[in-house]
Amino acid sequence: MASYDVRERAATKMNLGATVRVNKCGVCVLVALMLLVAAIYKYGNTPELKREAVSLRNLLSAAIDAAERGGRIVYDIREAATLHEKSKGKTKEGANDPVTDGDLKSHLAMFYSLQKAFPGIKIISEEHNLNEVDVSSVSPAATLHPEVTTAIPDDQMVPAEDIRVWIDPLDATQEYTENLREYVTTMVCVAVRGRPTIGVIHKPFSQSTAWAWVGKAVSPSLRQAGNQAALKDDTAHIIVSRSHAGDVKAVATSAFGDKIEVIPAGGAGYKTLAVVEGKADAYVHSTIIKKWDLCAGNAILEALHGNMTTLQGKNLDYGSQDEYKNEGGVLATLTNHSFYLQKLQVLTNKKEKGA
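Throughout what follows, the structure given in this document is the object of discussion. (Residues numbered from 1 in each chain as written. Predicted model: local features only at pLDDT ≥ 70, side-chain atom pairs only at ≥ 80, totals over all residues. Heavy atoms only, no water.)

## Quick word on the sheet that holds strand 13 (residues 282–285)
Where we set the bar: Whether two strands pair depends on DSSP finding at least two bridges between them. Runs of H or I in DSSP of at least four residues are treated as helices and runs of E of at least two as strands, each being numbered from the N terminus. Lines fitted to C-alpha atoms define the axes here, with helix axes fitted over just the stretch in contact, and angles between the N-to-C directions of these axes take values from 0 to 180 degrees.
In space, the five strands of this open sheet follow the order 12-11-13-17-15, with mixed pairing throughout. Looking at which strands have only one partner, the edges of the open sheet turn out to be strand 12 (260–265) and strand 15 (307–309). Each neighbouring strand pair of the sheet contributes to a mean axis angle of 20°, computed without reference to strand direction. By the bridge criterion, six bridges tie strand 11 (residues 236–241) to strand 12 in an arrangement that is parallel.

## Description of the nonpolar core
Rules: We define the nonpolar core as a collection of buried residues of types Ala, Val, Leu, Ile, Met, Phe, Trp, Tyr and Cys that are connected through side-chain atoms lying within 4.5 Å of one another. The rule is simple: take the accessible area with a 1.4 Å probe, protein chains only, and divide by the maximum for that residue type; under 20% is buried, over 50% is exposed, in between is partly exposed. The contact rule is simple, with two residues in contact once any of their heavy atoms fall within 4.5 Å.
Ranked by size, the top nonpolar core spans 37 residues in total, and within it Trp-166, Ile-239, Tyr-283, Leu-294, Ile-300 and Tyr-318 carry the most contacts. Taken together, the elements giving at least two residues each to this core come down to strand 7 (185–192), strand 9 (208–213), helix 7 (268–276), helix 8 (295–303) and strand 17 (330–333). Examining the composition of this core, we find that six residues originate from one element, helix 7, more than from any other. Apart from the residues within four sequence positions on either side, Ile-239 is in contact with Ile-263, Ala-265, Tyr-270, Lys-271, Ala-274, Val-275, Ala-280, Ala-282, Tyr-283 and Val-284.

## Here we look at the sheet that holds strand 6 (residues 163–171)
One open sheet holds the six strands; their spatial order is 4-6-7-8-9-10, and the pairing between them is mixed. The open sheet has two free edges, formed respectively by strand 4 (122–125) and strand 10 (217–218), since each of these has just one partner strand. Its contacts with the sheet put helix 7 on strand 6, strand 7, strand 8 (195–203) and strand 9, and the angle it makes with strand 8 is roughly 100°. Helix 8 rests against strand 6, strand 7, strand 8, strand 9 and strand 10 of the sheet, and its axis sits at about 110° to strand 8.

## A short note on the pattern of salt bridges
The cut-off we apply is this: By convention in these notes, a salt bridge is any Lys or Arg side-chain nitrogen within 4 Å of a carboxyl oxygen on Asp or Glu.
Scanning all chains against the criterion turns up nine salt bridges. Ionic pairing is found between Asp-154 and Lys-216, a salt bridge with its closest N-O pair at 2.9 Å. Taken together, the positions of Asp-154 in the loop between helix 4 (146–151) and strand 5 (157–159) and Lys-216 in the loop between strand 9 and strand 10 put the pair 62 residues apart, joining distant regions of the chain. The exposure class of Asp-154 is partly exposed, given its relative accessible area of 41%. We classify Lys-216 as partly exposed; its relative accessible area is 30%. Two residues, Lys-279 and Glu-277, come together in a salt bridge whose shortest N-O distance is 3.2 Å. The partly exposed category is assigned to Lys-279, whose relative accessible area is 48%. With a relative accessible area of 33%, Glu-277 lands in the partly exposed category. Salt bridges here are not isolated pairs; linked through shared partners, they connect Glu-175, Glu-178 and Arg-242.

## Thoughts on the pairing of strand 7
In terms of burial, strand 7 is a largely internal element, eight of the eight residues being buried. Going residue by residue along strand 7, you find Thr-185, Met-187, Cys-189 and Ala-191 tucked away on one face and Thr-186, Val-188, Val-190 and Val-192 tucked away on the opposite face as well. Both strand 6 and strand 7 contribute to a ladder of seven bridges, which runs antiparallel. Paired with Asp-171 across the two strands is Thr-185, which belongs to strand 7. Here strand 7 pairs with strand 8 via seven bridges, running antiparallel. The residue bridging Met-187 from the neighbouring strand is Ile-201, located in strand 8.

## What about the packing of aromatic side chains?
Quick reminder of the rule: Ring geometry is summarised as follows: Phe, Tyr and Trp rings, the Trp one being its six-membered ring, pair when their centres sit within 6.5 Å, and such pairs are stacked at plane angles under 30 degrees, edge-to-face over 60 and tilted between the two. By definition here, charges over rings are those cases where NZ of Lys or CZ of Arg is within 6 Å of the ring centre and within 35 degrees of the ring normal.
Applying the stated criterion across every chain yields a total of nine aromatic pairs. Where Tyr-75 meets Phe-205, the ring centres are 5.4 Å apart and the plane angle is 40°; that geometry is what we call tilted. With Tyr-75 in helix 2 (residues 56–80) and Phe-205 in the loop between strand 8 and strand 9, this residue pair connects regions lying 130 residues apart in the sequence. With a relative accessible area of 21%, Phe-205 lands in the partly exposed category. Centre to centre, the rings of Phe-256 and Phe-339 are 6.2 Å apart; their planes meet at 45°, and the pair counts as tilted. Of this pair, Phe-256 sits in helix 6 (residues 245–256) while Phe-339 is found in helix 9 (residues 337–352), placing the two residues 83 residues apart along the sequence. Overall, Phe-256 belongs to the buried group, its relative accessible area being 13%. Here Phe-339 falls in the partly exposed class, since its relative accessible area comes to 33%. We note Lys-216 situated over the ring of Trp-213; from NZ or CZ to the ring centre the distance is 5.3 Å.

## What about the state of the cysteines?
Basically, it comes down to this: Disulfides are defined in this document as cysteine sulfur pairs within 2.5 Å.
Tallied over the full model, the rule gives one disulfide. Cys-189 shares a disulfide with Cys-295; S-S distance 2.1 Å. Taking the torsion about the S-S bond as the criterion, the Cys-189 to Cys-295 disulfide, at about -45°, is left-handed. Taken together, the residues span a long stretch of sequence, with Cys-189 in strand 7 and Cys-295 in helix 8 at a distance of 106 residues. Look at Cys-295 and you get buried, because its relative accessible area is 0%.

## Things to note about helix 3 (residues 101–117)
Going by this rule: Here a helix's expected span is defined as the number of its residues, less one, multiplied by 1.5 Å. The definition of a polar contact used here is a pair of N or O atoms within 3.5 Å, where within protein one atom must be able to donate a hydrogen and the other to accept one, and adjacent residues in sequence count solely through side-chain atom pairs.
Compared with an ideal rise of 1.5 Å per residue, which puts 17 residues at 24 Å, helix 3 spans 24 Å between its outermost C-alpha atoms and is within 8% of the ideal. Asp-101, Gly-102, Asp-103, Ser-106, His-107, Ala-109, Met-110, Phe-111, Tyr-112, Ser-113 and Leu-114 are the residues of helix 3 that are buried. Measuring from the backbone nitrogen of Gly-102 back to the side-chain oxygen at the start of helix 3 gives 3.1 Å, which picks out Thr-100 as the cap.

Purely geometric stuff here, so don't read any function into it on its own.
Below, the structure written as structure tokens:
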């Protein structure tokens, strides 16, 4: 009997030891689960990069650097006459849609310099890589710029997931192939929650850069632009695309009568700056246009208290890469936007009713 008690006590000790060991493992598992729950509660299930907070002041500086990098490439290729022009096909209006080495190499420099500086943000470019490319030689865009530092003492931090950066590596490619250099620009735009917030338009062949941050500051070249009068006389000076100037002239003449001057020009960036600089009262576009053509100019106009809308007066949203086409036409003005909008809407409404 005593022998049985001894064996029973020994077995009990062994079971207690095993129980203790199991409990230790259980405690570890429980702690790990608690930490996991806390992490999910704190951060959610979004990727780490999307939680990154981005300095808009640094991003503005990088946007300027990227636009000017692209501009140098565009300039050098045009000077060397090594465009290697190809066609991407026809536009909806039947015009040739060319692409050159200037477009593609500027894209590589602009896109990857921004991506390396801000890996957590979404960048949308007019061009894309046809094959894998070596971008090891592309350095990150500079995040400090003296004009920005001087003009903007305070910063703003924004979640990376709220930002979309739209780039146009070479605006006015058709004019670029024709050596009409004054129309060519490189552009970067930062949209925050779909709204155009930072715009950079660089002119490679005059080596001038216009930039603006809505509600913060504008570049020295733009500081006097807000004083321009939209209607300098009783004539409406309207700048339009060279590729379909006749169509817009017919629309504008119907809206404004004989007191109108239609100015054909290339490049959405150039035309928007022409409005800002007082060379035109309004920029009107009546057909489909891509948002990378518009976003930078839209931000600059808003920073100067101007407007860019569809021909129906709707604001453009830059929050989605999938919705990169604007099919509602464009009206851009520095002042008197409602005057032009009303005139054009009357005509548009008549056309929709078949009148």
